[in-house]
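# Topology and contacts: notes
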Amino acid sequence: MRRVRYERSGGPEVLFLEEVPVPEPGPGELLVRVEAVGVTLPVVRKVRGEGPPIPLGGEVAGAVVALGEGVTAYAPGDRVTGLVFGHGYADHALLHTTMASPVPKGASAVDAVALVRSGLVARGALEAARPAPGESALVTAAASGVGHLAVQLARAKGAGRVVAAVSDAAKADFVRGLGADEVVTYDRAEWGEPVDYVLDAVGGELLAPAVRSLAPHGRLVAYSSGGGTVAAYDLLVGARSVIGFQMALIARGRPRVYEAWRRELWELYAAGTLRPVVHAEFALEDAAEAHAVIEARANRGKVVLIP
(Lines give C-alpha, C1' and ligand atoms only; values in the text may rest on other atoms or scores of the structure.)
Protein backbone atom coordinates (compact mmCIF):
# COMPACT_ATOMS: atom_id res chain seq x y z
CA MET A 1 0.00 0.00 0.00
CA ARG A 2 0.98 3.67 -0.32
CA ARG A 3 1.85 5.79 2.71
CA VAL A 4 3.03 9.38 3.20
CA ARG A 5 5.94 9.88 5.59
CA TYR A 6 8.82 12.24 6.38
CA GLU A 7 12.31 11.69 7.79
CA ARG A 8 13.33 15.20 8.84
CA SER A 9 11.50 18.25 10.12
CA GLY A 10 10.57 20.95 7.67
CA GLY A 11 7.89 22.30 5.42
CA PRO A 12 5.59 20.43 3.04
CA GLU A 13 8.55 19.55 0.83
CA VAL A 14 9.81 16.93 3.33
CA LEU A 15 6.77 14.68 2.77
CA PHE A 16 7.19 11.70 0.45
CA LEU A 17 5.19 8.69 -0.70
CA GLU A 18 6.40 5.15 -0.10
CA GLU A 19 5.22 1.58 -0.61
CA VAL A 20 4.84 -0.56 2.53
CA PRO A 21 2.97 -3.76 3.47
CA VAL A 22 -0.64 -3.51 4.61
CA PRO A 23 -0.61 -3.61 8.45
CA GLU A 24 -2.29 -6.31 10.52
CA PRO A 25 -4.88 -5.19 13.10
CA GLY A 26 -3.96 -5.85 16.71
CA PRO A 27 -6.30 -6.44 19.67
CA GLY A 28 -9.16 -3.94 19.63
CA GLU A 29 -8.19 -2.53 16.23
CA LEU A 30 -9.90 -2.21 12.87
CA LEU A 31 -8.07 -2.32 9.57
CA VAL A 32 -9.73 0.37 7.47
CA ARG A 33 -9.47 0.89 3.72
CA VAL A 34 -9.10 4.65 3.82
CA GLU A 35 -11.38 6.75 1.60
CA ALA A 36 -10.67 10.19 3.07
CA VAL A 37 -8.16 11.76 5.47
CA GLY A 38 -8.62 15.08 7.26
CA VAL A 39 -5.50 17.27 7.32
CA THR A 40 -5.13 19.07 10.65
CA LEU A 41 -3.04 21.99 11.88
CA PRO A 42 -1.51 19.99 14.79
CA VAL A 43 -0.06 17.43 12.35
CA VAL A 44 1.24 20.17 10.05
CA ARG A 45 2.89 21.86 13.04
CA LYS A 46 4.53 18.62 14.16
CA VAL A 47 6.13 18.13 10.75
CA ARG A 48 7.51 21.67 11.01
CA GLY A 49 8.58 21.36 14.64
CA GLU A 50 11.64 19.97 16.33
CA GLY A 51 11.95 16.38 17.42
CA PRO A 52 12.02 13.01 15.71
CA PRO A 53 9.57 12.23 12.91
CA ILE A 54 6.16 10.96 13.94
CA PRO A 55 3.54 8.94 12.05
CA LEU A 56 1.16 11.22 10.17
CA GLY A 57 -2.05 10.42 11.98
CA GLY A 58 -5.38 12.18 12.12
CA GLU A 59 -8.95 11.75 11.02
CA VAL A 60 -9.76 8.96 8.61
CA ALA A 61 -12.92 7.49 7.15
CA GLY A 62 -13.47 4.38 5.10
CA ALA A 63 -14.57 0.74 5.14
CA VAL A 64 -13.53 -1.95 7.63
CA VAL A 65 -11.67 -4.77 5.90
CA ALA A 66 -10.34 -6.77 8.87
CA LEU A 67 -10.82 -7.06 12.64
CA GLY A 68 -8.32 -7.42 15.44
CA GLU A 69 -8.71 -9.81 18.35
CA GLY A 70 -11.67 -9.08 20.61
CA VAL A 71 -13.54 -6.77 18.21
CA THR A 72 -17.26 -7.53 18.20
CA ALA A 73 -18.92 -4.15 17.61
CA TYR A 74 -17.88 -3.90 13.96
CA ALA A 75 -17.79 -6.18 10.93
CA PRO A 76 -16.00 -6.13 7.57
CA GLY A 77 -17.79 -3.74 5.23
CA ASP A 78 -18.88 -1.33 7.98
CA ARG A 79 -18.14 2.30 7.18
CA VAL A 80 -16.38 4.08 10.02
CA THR A 81 -14.54 7.25 10.90
CA GLY A 82 -12.19 8.13 13.72
CA LEU A 83 -8.78 9.34 14.87
CA VAL A 84 -5.68 7.27 14.22
CA PHE A 85 -2.46 7.89 16.15
CA GLY A 86 -0.36 5.76 13.82
CA HIS A 87 -0.06 6.24 10.09
CA GLY A 88 -3.27 7.73 8.67
CA TYR A 89 -1.98 9.24 5.43
CA ALA A 90 -2.23 5.87 3.73
CA ASP A 91 -4.36 3.50 1.68
CA HIS A 92 -5.04 1.45 4.83
CA ALA A 93 -4.93 2.50 8.48
CA LEU A 94 -5.33 0.92 11.90
CA LEU A 95 -8.16 2.48 13.90
CA HIS A 96 -8.77 1.49 17.52
CA THR A 97 -12.40 0.80 18.32
CA THR A 98 -12.34 3.33 21.20
CA MET A 99 -11.70 6.07 18.64
CA ALA A 100 -14.07 4.74 15.96
CA SER A 101 -17.68 5.58 15.18
CA PRO A 102 -20.04 4.52 12.38
CA VAL A 103 -20.75 6.69 9.35
CA PRO A 104 -24.52 6.95 8.72
CA LYS A 105 -26.03 5.85 5.44
CA GLY A 106 -26.11 8.65 2.92
CA ALA A 107 -23.03 10.40 4.30
CA SER A 108 -19.78 10.27 2.38
CA ALA A 109 -16.31 9.62 3.76
CA VAL A 110 -15.45 13.25 3.02
CA ASP A 111 -18.51 14.38 5.01
CA ALA A 112 -17.35 12.20 7.89
CA VAL A 113 -13.78 13.53 8.15
CA ALA A 114 -15.02 17.11 7.72
CA LEU A 115 -17.67 16.74 10.40
CA VAL A 116 -16.90 14.24 13.12
CA ARG A 117 -13.46 14.83 14.62
CA SER A 118 -13.40 18.58 13.95
CA GLY A 119 -17.00 18.81 15.14
CA LEU A 120 -16.23 16.88 18.31
CA VAL A 121 -13.38 19.26 19.13
CA ALA A 122 -15.62 22.27 18.47
CA ARG A 123 -18.45 20.74 20.49
CA GLY A 124 -16.17 19.87 23.38
CA ALA A 125 -14.54 23.29 23.46
CA LEU A 126 -17.98 24.87 23.50
CA GLU A 127 -19.02 22.63 26.38
CA ALA A 128 -15.88 23.60 28.31
CA ALA A 129 -16.83 27.28 27.93
CA ARG A 130 -20.09 26.65 29.84
CA PRO A 131 -22.09 29.07 27.67
CA ALA A 132 -25.36 30.51 28.89
CA PRO A 133 -28.12 31.38 26.40
CA GLY A 134 -27.61 34.79 24.88
CA GLU A 135 -23.93 35.08 25.78
CA SER A 136 -21.48 36.40 23.19
CA ALA A 137 -18.76 34.25 21.65
CA LEU A 138 -15.52 34.80 19.74
CA VAL A 139 -13.98 32.01 17.66
CA THR A 140 -10.37 32.26 16.48
CA ALA A 141 -9.30 30.47 13.29
CA ALA A 142 -12.97 30.78 12.43
CA ALA A 143 -12.51 29.65 8.83
CA SER A 144 -10.54 26.51 9.76
CA GLY A 145 -11.73 22.92 9.82
CA VAL A 146 -12.70 23.15 13.50
CA GLY A 147 -13.39 26.88 13.63
CA HIS A 148 -16.03 26.99 10.90
CA LEU A 149 -17.99 24.32 12.81
CA ALA A 150 -17.47 26.12 16.13
CA VAL A 151 -19.06 29.27 14.68
CA GLN A 152 -22.13 27.28 13.65
CA LEU A 153 -22.33 25.37 16.94
CA ALA A 154 -22.08 28.53 19.03
CA ARG A 155 -25.00 29.95 17.07
CA ALA A 156 -26.98 26.69 17.34
CA LYS A 157 -26.41 26.62 21.10
CA GLY A 158 -27.92 30.05 21.60
CA ALA A 159 -25.09 32.58 21.37
CA GLY A 160 -26.51 36.06 21.18
CA ARG A 161 -23.55 37.39 19.22
CA VAL A 162 -20.82 35.49 17.39
CA VAL A 163 -17.54 37.14 16.45
CA ALA A 164 -15.26 35.37 13.96
CA ALA A 165 -11.52 36.11 14.18
CA VAL A 166 -9.57 35.32 11.00
CA SER A 167 -6.13 35.87 9.52
CA ASP A 168 -7.36 37.53 6.33
CA ALA A 169 -10.27 39.88 5.66
CA ALA A 170 -10.90 37.92 2.45
CA LYS A 171 -12.44 35.21 4.64
CA ALA A 172 -15.10 37.58 6.02
CA ASP A 173 -17.89 36.63 3.63
CA PHE A 174 -17.24 32.93 4.25
CA VAL A 175 -17.59 33.14 8.04
CA ARG A 176 -20.53 35.52 7.86
CA GLY A 177 -22.24 32.94 5.69
CA LEU A 178 -21.80 30.46 8.55
CA GLY A 179 -23.59 32.71 11.02
CA ALA A 180 -20.94 35.13 12.33
CA ASP A 181 -22.33 38.56 13.23
CA GLU A 182 -18.95 40.29 13.20
CA VAL A 183 -15.53 39.57 11.72
CA VAL A 184 -12.18 40.77 13.06
CA THR A 185 -8.67 40.18 11.75
CA TYR A 186 -5.76 39.29 14.00
CA ASP A 187 -3.82 42.44 13.14
CA ARG A 188 -6.42 44.75 14.65
CA ALA A 189 -5.39 46.47 17.87
CA GLU A 190 -8.84 45.86 19.37
CA TRP A 191 -11.19 43.01 18.62
CA GLY A 192 -14.40 44.94 19.21
CA GLU A 193 -16.76 44.79 22.15
CA PRO A 194 -15.77 42.24 24.83
CA VAL A 195 -17.27 38.77 24.66
CA ASP A 196 -18.33 36.26 27.30
CA TYR A 197 -16.25 33.39 25.97
CA VAL A 198 -13.55 32.66 23.41
CA LEU A 199 -12.89 29.37 21.65
CA ASP A 200 -9.21 29.63 20.74
CA ALA A 201 -7.61 27.36 18.14
CA VAL A 202 -4.51 29.45 17.51
CA GLY A 203 -2.64 30.20 20.73
CA GLY A 204 0.89 31.57 20.53
CA GLU A 205 1.08 35.33 20.11
CA LEU A 206 -2.70 35.55 19.69
CA LEU A 207 -3.44 34.11 23.11
CA ALA A 208 -2.90 37.39 24.96
CA PRO A 209 -5.19 39.54 22.74
CA ALA A 210 -7.79 36.77 22.86
CA VAL A 211 -7.77 36.92 26.68
CA ARG A 212 -8.02 40.72 26.57
CA SER A 213 -11.13 40.42 24.41
CA LEU A 214 -12.99 38.76 27.30
CA ALA A 215 -15.60 40.62 29.31
CA PRO A 216 -15.48 40.43 33.15
CA HIS A 217 -15.89 36.80 34.26
CA GLY A 218 -15.24 35.71 30.67
CA ARG A 219 -13.78 32.30 29.80
CA LEU A 220 -11.26 31.35 27.15
CA VAL A 221 -11.06 27.70 26.09
CA ALA A 222 -7.65 26.83 24.63
CA TYR A 223 -7.68 23.76 22.41
CA SER A 224 -4.73 24.74 20.22
CA SER A 225 -1.33 23.11 19.90
CA GLY A 226 0.19 26.56 19.44
CA GLY A 227 1.01 27.15 23.10
CA GLY A 228 1.33 30.68 24.41
CA THR A 229 1.64 32.47 27.75
CA VAL A 230 -0.95 34.48 29.65
CA ALA A 231 0.01 37.06 32.28
CA ALA A 232 -1.68 36.37 35.60
CA TYR A 233 -2.60 40.04 35.85
CA ASP A 234 -4.68 39.75 32.66
CA LEU A 235 -6.73 37.08 34.39
CA LEU A 236 -7.02 38.87 37.72
CA VAL A 237 -8.39 41.99 36.05
CA GLY A 238 -11.98 41.14 35.32
CA ALA A 239 -11.81 37.69 36.96
CA ARG A 240 -11.21 36.02 33.63
CA SER A 241 -10.26 32.37 33.26
CA VAL A 242 -8.46 30.12 30.78
CA ILE A 243 -9.58 26.51 30.38
CA GLY A 244 -7.65 23.81 28.54
CA PHE A 245 -9.47 21.24 26.43
CA GLN A 246 -8.23 18.03 24.81
CA MET A 247 -10.53 15.76 22.86
CA ALA A 248 -8.47 12.60 23.44
CA LEU A 249 -9.17 12.75 27.18
CA ILE A 250 -12.90 12.75 26.50
CA ALA A 251 -12.67 9.91 23.99
CA ARG A 252 -10.67 7.72 26.36
CA GLY A 253 -12.07 8.71 29.73
CA ARG A 254 -15.70 9.65 29.00
CA PRO A 255 -16.81 7.46 26.09
CA ARG A 256 -20.53 8.01 26.74
CA VAL A 257 -20.09 11.77 26.45
CA TYR A 258 -18.01 11.28 23.30
CA GLU A 259 -20.72 9.12 21.77
CA ALA A 260 -23.52 11.53 22.75
CA TRP A 261 -21.70 14.42 21.10
CA ARG A 262 -21.06 12.35 17.99
CA ARG A 263 -24.75 11.51 17.66
CA GLU A 264 -25.65 15.15 18.17
CA LEU A 265 -23.31 16.23 15.37
CA TRP A 266 -24.91 13.84 12.90
CA GLU A 267 -28.39 14.95 13.99
CA LEU A 268 -27.48 18.61 13.42
CA TYR A 269 -25.96 17.65 10.09
CA ALA A 270 -29.12 15.79 9.04
CA ALA A 271 -31.25 18.76 10.09
CA GLY A 272 -29.12 21.16 8.03
CA THR A 273 -28.11 23.12 11.14
CA LEU A 274 -24.45 22.12 10.90
CA ARG A 275 -22.80 22.34 7.51
CA PRO A 276 -19.25 21.05 7.16
CA VAL A 277 -17.40 22.80 4.34
CA VAL A 278 -14.54 21.23 2.40
CA HIS A 279 -12.02 23.73 1.12
CA ALA A 280 -10.27 21.28 -1.21
CA GLU A 281 -9.61 17.62 -1.85
CA PHE A 282 -6.10 16.46 -2.72
CA ALA A 283 -4.82 13.09 -3.90
CA LEU A 284 -2.69 11.21 -1.36
CA GLU A 285 0.45 11.84 -3.41
CA ASP A 286 -0.27 15.58 -3.21
CA ALA A 287 -0.15 15.71 0.61
CA ALA A 288 2.54 18.39 0.41
CA GLU A 289 0.11 20.71 -1.40
CA ALA A 290 -2.51 20.07 1.29
CA HIS A 291 -0.02 20.97 4.03
CA ALA A 292 0.96 24.13 2.15
CA VAL A 293 -2.66 25.30 2.17
CA ILE A 294 -2.87 24.82 5.94
CA GLU A 295 0.47 26.54 6.58
CA ALA A 296 -0.61 29.53 4.50
CA ARG A 297 -3.88 29.76 6.47
CA ALA A 298 -5.59 29.80 3.11
CA ASN A 299 -8.31 27.26 3.81
CA ARG A 300 -11.98 27.98 4.23
CA GLY A 301 -13.18 24.79 5.87
CA LYS A 302 -11.60 21.34 5.82
CA VAL A 303 -8.67 20.17 3.72
CA VAL A 304 -9.01 16.49 2.77
CA LEU A 305 -6.74 13.84 1.24
CA ILE A 306 -8.25 11.16 -1.01
CA PRO A 307 -6.16 7.93 -1.22
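For the structure, check the block above.
Residues numbered from 1 in each chain as written. Predicted model: local features only at pLDDT ≥ 70, side-chain atom pairs only at ≥ 80, totals over all residues. Heavy atoms only, no water.

Following the sequence through the fold, His217 ends up in strand S12 (residues 214-222). The class of His217 is exposed, set by a relative accessible area of 58%. Sequence-wise, His217 and Val257 are 40 residues apart; in three dimensions their C-alpha atoms are separated by 27 Å. Those residues in contact with His217 that sit more than four places away from it in its chain are Gly238 and Ala239. (Helix = DSSP H or I, 4+ residues; strand = E, 2+ residues; numbered from the N terminus. Buried < 20%, exposed > 50% of the residue type's maximum accessible area, 1.4 Å probe, protein only. Contact = heavy atoms within 4.5 Å.)

Turning our eyes to something else, we now look at the packing of aromatic side chains. Here the structure, examined in full by the defined rule, presents two aromatic pairs. Look at Tyr186 and Trp191: their rings are 6.3 Å apart centre to centre, the planes differ by 40°, and that puts the pair in the tilted class. Across this residue pair, the class does not change: Tyr186 and Trp191 are buried. A ring pair is formed by Trp266 and Tyr269, whose centres lie 5.3 Å apart and whose planes are at 90°; its orientation type is edge-to-face. Here Tyr269 and Trp266 lie together in helix H8 (residues 255-271), a separation of three residues that amounts to about one turn. Owing to a relative accessible area of 25%, Tyr269 belongs among the partly exposed residues under this scheme. (Phe/Tyr/Trp six-rings, centres within 6.5 Å; stacked < 30°, edge-to-face > 60°.)

Moving on: the sheet that holds strand S8 (residues 136-139). One open sheet holds the six strands; their spatial order is S10-S9-S8-S11-S12-S13, and the pairing between them is parallel. Edge positions in the sheet fall to strand S10 (182-185) and strand S13 (241-244), since each has one partner strand and no second. Mean inter-strand twist for the sheet, computed between neighbouring axes without regard to direction, equals 20°. Sitting on the sheet, helix H2 (residues 109-129) is in contact with strand S11 (195-200), S12 and S13, with an inclination near 145° to S11. (Pairing = 2+ DSSP bridges. Axes fitted to C-alpha atoms, helices over the stretch in contact; angles between N-to-C directions.)

Below, the discussion takes up the pattern of salt bridges. What the rule picks out here adds up to 15 salt bridges. Two residues, Arg123 and Glu264, come together in a salt bridge whose shortest N-O distance is 2.8 Å. A residue pair is termed long-range when its members are at least 10 positions apart, and Arg123 in helix H2 and Glu264 in helix H8 qualify at 141 residues. For the pair formed by Arg123 and Glu264, the shared burial category is buried. (Salt bridge = Lys/Arg side-chain N within 4 Å of Asp/Glu carboxyl O.)

A separate point is H8. The terminal C-alpha atoms of H8 lie 24 Å apart, and with 17 residues this matches the ideal 24 Å at 1.5 Å per residue to within 8%. Turning to H8, its buried residues are Tyr258, Trp261, Arg262, Glu264, Leu265, Trp266 and Leu268. Elements that come into contact with the buried residues of H8 comprise strand S7 (100-102), H2, helix H3 (147-156) and helix H7 (247-253). Immediately downstream of H8, the backbone of Gly272 shows phi near 85°, a positive value. (Expected span 1.5 Å × (residues − 1).)

The next thing to look at is the packing of H2 against H3. In contact at an axis separation of 9 Å, H2 and H3 are set at 55° when each is read in the N-to-C sense. It follows from the interaxial angle that H2 and H3 lie oblique. Handedness of the crossing formed by H2 with H3: right-handed. On H3, the residues that touch Ala114, Leu115, Ser118, Gly119, Ala122, Arg123 and Leu126 of H2 are Leu149, Ala150, Leu153 and Ala154. Taken together, the residues of the contact of H2 with H3 break down into eight nonpolar, two polar and one charged. (Parallel < 35°, antiparallel > 145°, perpendicular 65-115°, else oblique. Left-handed = near helix turned anticlockwise from the far one by under 90°. Nonpolar A, V, L, I, M, F, W, Y, C, P; charged D, E, K, R; others polar.)

If you look at the biggest cluster of nonpolar residues, it comprises 105 residues, and the most contacted ones within it are Tyr89, Val175, Leu199, Phe245 and Leu305. Among the elements that line this core, the one with the most residues is H2, at 13 residues. Those residues within four positions of Leu305 in sequence are excluded, and the remaining contacts are Glu35, Ala36, Val37, Val39, Tyr89, Phe282, Ala283, Leu284, Ala287 and Ala290. (Core = buried A, V, L, I, M, F, W, Y, C linked by side-chain atoms within 4.5 Å.)

Before going further, it helps to examine the pairing of strand S5 (residues 79-84). For S5, the tally of buried residues reaches five of six residues, placing the bulk of the element in the interior. Both strand S4 (residues 58-67) and S5 contribute to a ladder of six bridges, which runs antiparallel. Across the sheet, Gly62 pairs through a bridge with Val80, a residue of S5. Of the pairings in the sheet, the one linking S5 to S7 comprises three bridges and is antiparallel in character. The residue bridging Val80 from the neighbouring strand is Pro102, located in S7.

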